[in-house]
Structure formats: C-alpha cells, structure tokens
Amino acid sequence: MNKRIISALVLAGMMTSSAAFASKARELVLGTGGNGANAGSYYYESAYNMFYNPSYVNDYKNWAGFEKGTNTTAEFGFVSSMMNMNMGLWFNRSGSTPNILDTDTNKSVIDLLIGGDMGVKWGLGLNYGRQDTAAVSPTAASTSKSNLSATLGAQFSGLDPFVGFTIASDDKTNGTKVSKYTNMNAGVRYHYGEWTPYATYSAAKKKDEASSIERKINAFTVGLGREAKLAEGARLVYAVYVQNVSQKVGDVKFSNESYTALPVNVGVEADATSWLTLRAGAATTLVSTINSTKTTTARVGGTFHVGKVDMDYAFGNTVGGNPDTADTGFDSGTFHQVGMRYSW
C-alpha cells in the first residue's frame, strides 16, 4: 500500500473524530486559511465547510449545534439524514451575507442546505436574510435590506469545486430601491493525502441607484494546507496562502484598501483526556503591501466531551471578551466564544 493511500486512511480517521466537527470557537483558534467571515475553513476539514460548499452536508450528519459569544450573539441549527439525502437548516448565522460590501450583519438569516451522494457528492445551499426598520416618526424614513443567494458544490476524484452567487439583494428606503448588490464566488479544493491545495475567487459589487456609481471588490486566494496526525489523539494543521484584494469606486482604485499579502495559519489539537481536547493556533502575515494587514495572533481553546455532547470554547479576557489581549484570566470574558454540539 503506497504512502498516498496510507495518508488518506489516516486523514479519514481524523475526519470521523469529534475534533473534525465545527464551531466558531474552533475556527477562531485555528483560523480558516483565508475564508474570512464566512463559516468554514479552506485548509482543514470542518462540518461548517458546508456553508461555502454544500456538498459537505453529506460528510457530517445527524447533529445539532448552538453558538454564543462576542463574535456571535446567537445562532443554531442542525443537519439530519432524510431518506437518501441530507438536509441542514441554520438560523442567524453571523457573517453569512455574501455581499462583502454590506457590513450590516444584523439581518434575520436562514440557511437551507440539501445534499446527496450518487457516486458524486453534491449539495445545494440557499441563504436568505432580511432586516426592516420602521419609521420612528411621520417624517422619518423606513428602510429594509434583503438578500437571497445560492451555493452549489460537489466532491469527486479528490476535487471539491464550489460556486456561489447572488439571486437578489438590495437596500430600500420607503419602498424605493437605493442600492443593489451582486456577488459571485468560486473555488476548488484538491485532496492529496494530508495536503490540500486550494484556490478561490470572488467579485462583489454595490451600485448606488441614484448616481449609478459602483463600488467593486475583487479578491483571490491561493493556498496550500496540511492536516496531519502527530500521534494518537494529536493533530497538526497549517496553511500558507496568497491573497490579493482590489477595491474600486467607479474607476478609482482604493490604494489603502487594495493589497497583496502572504499569511500563515498553524494550529495543534491534542486529546488531553477522554473528556477534554485542547487546542492552540497562531496566525501571522509574512509579507503585505499594506502595514495594517501585518498582524500576528496566538489563541487557545478546547473542547469538553460529555457523552454525545461537545462544548468548544476559545479563551479571551476583559468584559466582553477579547481573544488577542496580552493576558488571559478568569473573568466575564474568559469563554470568549462557546459552541455546543449534540450528535445522534
């Protein structure tokens, strides 16, 4: 049996362990390999990867999750088998609006994911969000924001392609459209034993209806990740990737917001006991054309295992929680981010 097959078997064993499931707390510590605010990691296996490639809804089934913390006010959902298909339903996922030019994350959001395996694993995801603000006086304006988008994904021959796009998204004031959003993103991951090269591209646009001025963001990420077994119950993940982001308003380029960077993520998870997994992760930017993107963080967290229940956490400090303070103490911000999962 060659080394590639052996590596694939080892990785498959890691993926079926509880550590391969997902939470915001786990991603906060280990990083996402350039996936930003959207749930899921490009460089290691995680149940939340279903949000950018819905075919992953077939890989982690029959579980329910709940999230709470500084990065997430409250969100919850589940994935369940349904005859020969699998379905996921998730509510209030923060950072889920695919229009990266719309920074408002207070929409009421729902994700519906459906997938199946017909020799090729496939998945379809729909995301809907809406926020309405009523007028507070007869002369004030009422506003609304809405978004409907779709994602498609598949898995075959080691390749995991995915694509996402906006169906309809706009801002309205007193029922009149004032802004329109469009977004398209696509990418692919390839599994080669422990290694996962990946590439993604996104193009987002916001158009002001009154002036017809458009703001655009184009971004691509190319990276290489690895998920390896260090010892029994111990895992190492790391990735290095290149990101390029270009922003324009009309034909004018935002030089202070357009950049090329070379970040690195690295993390370790180890089963300290049968009921406790500990993890630590670090991220740094080796090269960047903008100084503001040159950051380094080191974070710690873990998972409590109690029967069919797992509780992930990321440490922070101070009131409100901050995972990047110089010290960590036991106070109201200790559990900066918490996620609970029940599997059946």
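Computed from a predicted model, the values in this text were never measured in an experiment. (Residues numbered from 1 in each chain as written. Predicted model: local features only at pLDDT ≥ 70, side-chain atom pairs only at ≥ 80, totals over all residues. Heavy atoms only, no water.)

Caption draft 1: Expanded view of the pairing of strand E6 (residues 143–155). Alignment of strand E5 (residues 121–133) against E6, held across 13 bridges, turns out to be antiparallel. Among the inter-strand pairings, Leu126 is bridged to a residue of E6, identified as Ala150. Connecting E6 to the antiparallel partner strand E7 (residues 159–173) that follows it, the hairpin turn spans 3 residues, and Ser157 within it adopts a positive phi of roughly 50°. (Pairing = 2+ DSSP bridges. Helix = DSSP H or I, 4+ residues; strand = E, 2+ residues; numbered from the N terminus.)

Caption draft 2: Spotlight on the environment of Ala22. Mapped onto the elements, Ala22 comes out in the loop between helix H1 (3–15) and helix H2 (24–30). Note on Ala22: relative accessible area 4%, which makes it buried. Taking the C-alpha atoms as reference points, Ala22 and Tyr60, 38 residues apart in sequence, are found 9.8 Å from one another. (Buried < 20%, exposed > 50% of the residue type's maximum accessible area, 1.4 Å probe, protein only.)

Caption draft 3: Expanded view of the nonpolar core. Counting 28 residues, the largest nonpolar core has Tyr43, Tyr48, Met50, Phe51 and Trp63 as the members making the most contacts within it. In terms of residue count, H2 provides more of this core than any other element does, 4 residues in total. (Core = buried A, V, L, I, M, F, W, Y, C linked by side-chain atoms within 4.5 Å.)

Caption draft 4: The packing of aromatic side chains, seen in detail. Counted according to the given criterion, the structure contains 17 aromatic pairs. Between the aromatic rings of Tyr43 and Tyr44, the centroid separation amounts to 4.8 Å while the plane-to-plane angle is 85°, which identifies the pairing as edge-to-face. Tyr44 gets classed as buried once you look at its relative accessible area, which sits at 0%. When the ring of Tyr48 is compared with that of Trp90, the centres are 5.5 Å apart and the planes differ by 75°; the resulting orientation is edge-to-face. Of this pair, Tyr48 sits in the loop between H2 and strand E1 (63–69) while Trp90 is found in strand E3 (residues 85–91), placing the two residues 42 residues apart along the sequence. There is no split in this pair, since Tyr48 and Trp90 are both buried. Grouped by ring-pair contacts, the aromatic residues Tyr42, Tyr52, Tyr56, Phe162 and Tyr198 constitute a single cluster. (Phe/Tyr/Trp six-rings, centres within 6.5 Å; stacked < 30°, edge-to-face > 60°.)

Caption draft 5: Quick peek at the environment of Asp271. Among the structural elements, Asp271 can be located in strand E13 (residues 259–273). With a relative accessible area of 38%, Asp271 lands in the partly exposed category. In this structure the C-alpha to C-alpha distance between Asp271 and Gly302, which are 31 residues apart in sequence, comes to 9.3 Å. Not counting residues up to four positions away in its chain, the partners in contact with Asp271 are Gly233, Arg235, Leu276 and Thr277. (Contact = heavy atoms within 4.5 Å.)

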